[in-house]
Amino acid sequence: MVFCRVFKLQRHLLCVLAKTAALVAPLFSQQITIPRIEQMPQTPSPYVMRDWRSVARQYDSLVFDFSRSGTYLPLGGVITTTINYPQHPSFGLHSYVGTNSPNTREAINCLPAVIGATLAGIDKSNQQGRNWALMAEEWFNRRPTQNVYKNGWVDDSGEDFWYLTMPNVLFYQLNFLYPHTGDFDYQFTMVANRWLQAVRAMGGSATPWRMPNVNHRGWFLQTMTPYDQGVRQPEAAGALAWLFYHAYVSTGEAQYRIAAEWTLEFLDSYGSNPSYELQLPYGTYTAARMNAEIGTTYNIERMVNWCFDVGPLRSWGAILGAWGGYDVSGLIGEVNGLNDYAFAMNTFEHAGALVPLVRYADRFARAIGKWMLNAANAARLFYWAYLPDSLQDNAAWARQYDPRAVIAYEGLRQFRSGRSPYDTGDAIAAGWAQTNLGVYGSSHVGIFGGIIDTTNVPMILRLDVLKTDYQHAPAYPTLLFFNPHPQTYQVAIDIGNGLHDLYDAAANTFVRTGVSGRVRFPLAANAAALIVVVPAGGTITYRLDQMLVNRVVVDYRSGVAVANYPPRIKALAPETTVVVRGGTMQLFCTAVDRDGDTLVYHWRASNGSIFGSGSHVVWVAPDSIGTCMVSCIIEDGRGGRDSAASAVEVVTAINHPPSITALRAHPRKIHINTTSEILCAAADPDGDTLTYRWSAPAGTFSGSGARVSWTAPSTSMDISLICTVTDGRGGVARDSLRVRVRNLSRTQTGQLVAFYPFNGNAQDASGNGNHGTVYGAQLTSDRNGIPNSAYSFDG
């Protein structure tokens, strides 16, 4: 049952409503304290708030100016020889100033640079005559074994989970900012499907309901198997939930919402703090949003505490205290109690995930507001201009080439040779770069630039809650304010033209009505306000906990009394979606009730017969073929109900798709304009006749069937050859093989060389006529079992 009221607001009725809301506010708007945040200063000192929007915009103008000259400049460049989308160029940014690996181009650096600039107000789809958003799609590894965003353009590793999930989270953010760009629509669905396949391989199931085991260090997508060497990262469930829920919001497909519930149930039930790097705050935000929007009941307080407490996996959490007289509380990094280490990237990303959380869980408004005051103040210390030269590694370069201090050090150490604090990083010691100025962390500064602004009162910040609330439902402008002072202040806010009402979702009450332009509202001492700017005199309705104005939610926890929460079906899942006529299958209906009411299940089918009762029954298909609908209705005995239906196809026989068992090229590294022999070995369990279709972004195929020849283009590149196998009855298998095409006729010094295929005759295939003779080597099979295609040397 949905409890709903409607009011046509006139000025005097609005005042009555505000008083009524105030009566229930103490119960429902009680702010939740986070102990570690409570240990942070109420008013950090010294207090120096940067104009973070200007920092983000100036950073963009520096790192994307590829014409700059000087030591270690430019910091990146346009790349015309691409792999996944060769039809257009891409770009790369150095991970560090003075990098020793200038060809390294990380997604966790380049994508945030585009996203952050956009959050700060720059249109990156048309800047300097280039569409940087489109150029970013090169990080989509367009191969059937991957088909997700990875940290590199070609990446088959099963490395740390956060390197696997975060490029996809960043892509979803980029897609929200620049929808329908290039191949984004295809990539968006493919990313969701590939990770859905992964969590099912981890054990996620709706037949019966079972959450996956995400407690791994990483995942091999090409084999759908875990990578478990080293420290595991169970927080990956948070990033995966974020991806799945955004896929659900965008497409409406229940399978993604179900996967989001699987992964969050894993996270919610985890026995200790799973914090490792970046993924936990994204899961915490998603849990709060799903609680508010669909009625899940995850323990948000515990998750928010996890985001700041020091976890056991790598001592990760929020920094506390003052280093060398500088308040550093609120920065995020390693808290080991001996020499703590805060990081720029993590501090910025924490804010991007947790500031929008307060819209869905407003009882954390004060905690998040206080933390952001500390973090936004302390984050300036990542930049050279805010510490003496003696407290940093690379002041000389920064002063000359970064006069506006927009490139941050990778991190801030508590101590270095007795000095505190100290701006540094890992790059110099590890041999990665000549400086510890971390471009990869600086690229995330646009999160602060988009969210943070100041007000007329020092230390009272204006935080845009919607800025990083990607793919949110329709919403009015929503702003978070925290007053750290011991007295009430009148805070100024510019709400634009027209008449508006100011509603404080943290207090469940209107604070100003019928106002426009620059107005002020009272903010009590040591309190937060979550101000929603709504149309004046709008129509108020309630939907369970939610308060809506003109059908737009303004408060997800409004304080209105709810007599009964209806039950909710998490999944109605047939054992399979295809069954032979007369066959049987199991049906599973997984449902929950927030009030703990006993649920009654009612099953129906458009044809066939249902046997059993409760949440798990058996359905016998009819003898006729066609589509049958099976449905389940649940009731809680107090007027609450929910229902779901699923389609099952009844057929005369079930087709099993073919599978590709091997895909080989001989040779796999070839000279330009030469030919390689390609084999696709495939099988079909039903014995169907298979059809082979070959494709590649460059080069030409000759022949047909399972064996073909492919002639390389005249340009050196790595090319994916794709084979698609169909059985004529809807079954499809697809795989790809990467072949390296190089100009093998000359060395880099211009001297002629020979190209000898491993075939025993040492005939020069380069066209230079430098034929040879094989001594001391015997032909043998290669690692793929192809005979006479490798040499065994006798030493």
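Everything below is about the structure printed above this text.
What counts and how
- Sequence order as written defines the numbering, with residues in each chain counted from 1.
- For a predicted model such as this one, the threshold for reporting local features is a pLDDT of at least 70, and the threshold for listing and counting side-chain atom pairs is 80 or more; totals across whole chains, interfaces and linings nevertheless cover every residue.
- Calculation of side-chain values draws on the structure's entire complement of heavy atoms; hydrogens and water are dropped beforehand.
- The helix count covers DSSP runs of H or I at least four residues long, the strand count covers runs of E at least two residues long, and both are numbered beginning at the N terminus.
- Polar contacts here mean pairs of N or O atoms no more than 3.5 Å apart (in protein, one a potential hydrogen donor and the other a potential acceptor; neighbouring residues in sequence count only if both atoms are side-chain atoms).
- Contacts are assigned to residue pairs that have any heavy atoms within 4.5 Å of one another.
- Multiply 1.5 Å by the residue count of a helix minus one, and that product is the helix's expected span.
- Per-residue accessibility, obtained with a 1.4 Å probe over protein chains only, is compared with the maximum for each type, and a residue is labelled buried under 20%, exposed over 50%, and partly exposed between these values.
- A side-chain nitrogen of Lys or Arg and a carboxyl oxygen of Asp or Glu constitute a salt bridge if their distance falls within 4 Å.
- Following DSSP output, two strands are said to pair if at least two bridges run between them.
- In this analysis an axis means a line fitted to C-alpha atoms, helices contributing only their contacting stretch, and an angle means the value between N-to-C directions, from 0 to 180 degrees.
- Aromatic pairing here means that ring centres of Phe, Tyr or Trp (its six-membered ring) are within 6.5 Å. Orientation follows from the plane angle: under 30 degrees is stacked, over 60 is edge-to-face, and everything else is tilted.
- For a ring to carry a charge above it, either NZ of a lysine or CZ of an arginine must fall within 6 Å of the ring centroid while also lying within 35 degrees of the normal to the ring plane.
- Definitions for this section: a left-handed crossing has its near helix turned counterclockwise from the far helix by less than a right angle. A right-handed crossing has that turn clockwise.
- Think of it as three bins: nonpolar holds Ala, Val, Leu, Ile, Met, Phe, Trp, Tyr, Cys and Pro, charged holds Asp, Glu, Lys and Arg, and polar takes everything else, Gly as well.
- The arc refers to the directions leading from the helix axis to the C-beta atoms.

I'm lost on the side chain of Glu-138 in this one. Help?
Locating Glu-138 in the fold gives a position in the loop between α5 (132–135) and α6 (161–177). Looking at Glu-138, its side chain comes within polar contact range of the main-chain nitrogen of Ile-83, at 2.7 Å. There is a polar contact of 2.9 Å between the side chain of Glu-138 and the backbone nitrogen of Tyr-85. Among all residues touching Glu-138, those that are not within four sequence positions of it are Thr-82, Ile-83, Asn-84, Tyr-85, Ser-90 and Trp-153.

It is not clear to me how helix α14 (residues 365–378) should be interpreted in this structure. Could you clarify?
In this model α14 runs 20 Å from its N-terminal to its C-terminal C-alpha over 14 residues, within 8% of the 20 Å that 1.5 Å per residue would give. Of all 14 residues in α14, 14 are buried; the element is thus mostly enclosed.

I tried to follow the pattern of salt bridges on my own but got confused; where do I start?
Think of it this way: side chains of opposite charge can pair up when their charged atoms draw near. For the coordinates displayed, the defined rule picks out 22 salt bridges. Lys-124 is the partner of Asp-60 in a salt bridge, and the nearest nitrogen-oxygen pair spans 2.7 Å. Of this pair, Asp-60 sits in helix α3 (residues 52–63) while Lys-124 sits in the loop between α4 (107–119) and α5; the two residues are 64 residues apart in sequence, bridging distant segments of the chain. Using a relative accessible area of 3% as the deciding quantity, one classes Asp-60 as buried. Note that Asp-595 is salt-bridged to Arg-638, the shortest N-O span being 3.2 Å. Of the two residues, Asp-595 is situated in the loop between β28 (584–592) and β29 (600–605) and Arg-638 in the loop between β32 (626–635) and β33 (641–651); the sequence distance between them amounts to 43 residues. Residue classification places Asp-595 among the partly exposed positions, given a relative accessible area of 32%. Relative accessible area serves as the criterion here: at 41%, Arg-638 is assigned to the partly exposed category.

Looking at this model, I keep getting lost on the sheet that holds strand β38 (residues 700–702). Mind explaining?
Note on sheets: strands pair through backbone hydrogen bonds, and any given pair is parallel or antiparallel. The antiparallel open sheet is built from 4 strands, whose spatial order is β34-β36-β39-β38. Two strands close off the open sheet at either side, each with one partner strand: β34 (659–666) and β38. Strand-to-strand twist of the sheet, defined as the mean angle between neighbouring strand axes without regard to direction, takes the value 25°. Here β38 pairs with strand β39 (residues 707–711) via 3 bridges, running antiparallel. Residue pairing across strands places Ser-702 opposite Ser-709, the latter belonging to β39.

Just checking my understanding: could you explain the sheet that holds strand β31 (residues 616–620) for this structure?
If you walk across this open sheet you meet the 4 strands as β26-β28-β31-β30, and the pairing is antiparallel. Strands with a single pairing partner mark the edges of an open sheet, and in this sheet they are β26 (568–574) and β30 (609–611). With direction set aside, neighbouring strand axes in the sheet form an average angle of 25°. Here β30 runs beside β31; their pairing, made up of 3 bridges, is antiparallel. Within β31, the position partnered with Ser-609 by the bridge is Val-620.

Any chance you could explain the packing of aromatic side chains here in plain terms?
To describe a pair of aromatic rings, you give the distance between the ring centres and the angle between the ring planes. Counting across every chain of the model gives 36 aromatic pairs. Taking the centre distance of 5.6 Å and the plane angle of 55° together, the rings of Phe-64 and Phe-91 count as tilted. Taken together, the positions of Phe-64 in the loop between α3 and β2 (76–79) and Phe-91 in strand β3 (residues 90–93) put the pair 27 residues apart, joining distant regions of the chain. A network of ring pairs unites the aromatic residues Phe-140, Tyr-149, Phe-171, Tyr-172, Phe-184, Tyr-186 and Phe-188 as a single cluster. The ring of Trp-52 has Arg-50 lying over it, and the distance from NZ or CZ to the ring centre is 5.9 Å. The ring of Trp-153 carries Arg-105 above its face, with NZ or CZ at 3.8 Å from the centroid.

Got a minute to help me understand unusual backbone geometry in this structure?
One can expect most non-glycine residues to show negative phi and most peptide bonds to be in trans. That bond from Ser-45 to Pro-46 is cis: its omega, -5°, falls within 30 degrees of zero. With respect to the helices and strands, the residue Pro-46 is situated in the loop between α2 (35–38) and α3. Phi is positive for Gln-471, which is not a glycine, with a value near 55°. Here Gln-471 lies in the loop between β16 (461–464) and β17 (478–483). Gln-471 sits in the buried class, given a relative accessible area of 12%. Despite not being glycine, Asn-526 shows a phi value in the positive range, around 50°. Tracing the sequence through the fold places Asn-526 in the loop between β21 (518–523) and β22 (527–535).

Mind showing me how you'd approach the packing of α6 against helix α7 (residues 184–201) here?
Relative placement of two packed helices is described by the angle separating their axes and the distance separating the axes. Here α6 crosses α7 at 145°, and the two axes come no closer than 11 Å. Here α6 runs over α7; the crossing is left-handed. On α7, the residues touching Phe-161, Leu-164, Thr-165, Asn-168, Phe-171, Tyr-172, Leu-174 and Asn-175 of α6 are Phe-184, Gln-187, Phe-188, Val-191, Ala-192 and Trp-195. Among the residues forming the contact of α6 with α7, the class breakdown is 10 nonpolar, 4 polar and no charged.

I tried to follow the environment of Arg-302 on my own but got confused; where do I start?
With respect to the helices and strands, Arg-302 occurs in helix α11 (residues 300–308). Separated by 30 residues in sequence, Arg-302 and Ser-272 have C-alpha atoms that sit 10.0 Å apart. Not counting the four nearest positions on each side in its chain, Arg-302 is found in contact with Leu-267, Asp-268, Ser-269 and Tyr-270.

When you look at the environment of Gln-233 in this model, what are you seeing that I'm missing?
Within the secondary structure layout, Gln-233 lies in the loop between β7 (225–227) and α8 (236–251). We classify Gln-233 as buried; its relative accessible area is 0%. On a C-alpha basis, the gap between Gln-233 and His-216 in space is 5.7 Å, while along the polypeptide they are 17 residues apart. Those residues in contact with Gln-233 that sit more than four places away from it in its chain are Asp-160, Phe-161, Trp-162, Val-214, His-216, Arg-217, Tyr-276 and Gln-279. Polar contacts involving the side chain of Gln-233 include one to the main-chain amide nitrogen of Trp-162, which spans 3.2 Å.

Sorry, what's going on with α3 here?
Given 3.6 residues to a turn, an α-helix orients residues that are three or four positions apart in the same direction. Over its 12 residues, α3 extends 16 Å from the first C-alpha to the last, a length consistent with the 16 Å expected when each residue adds 1.5 Å. Among the residues making up α3, those that are buried are Trp-52, Val-55, Ala-56, Tyr-59, Asp-60, Leu-62 and Val-63. For α3, the angular spread of the buried residues around the axis is 165°, confining them to a single face.

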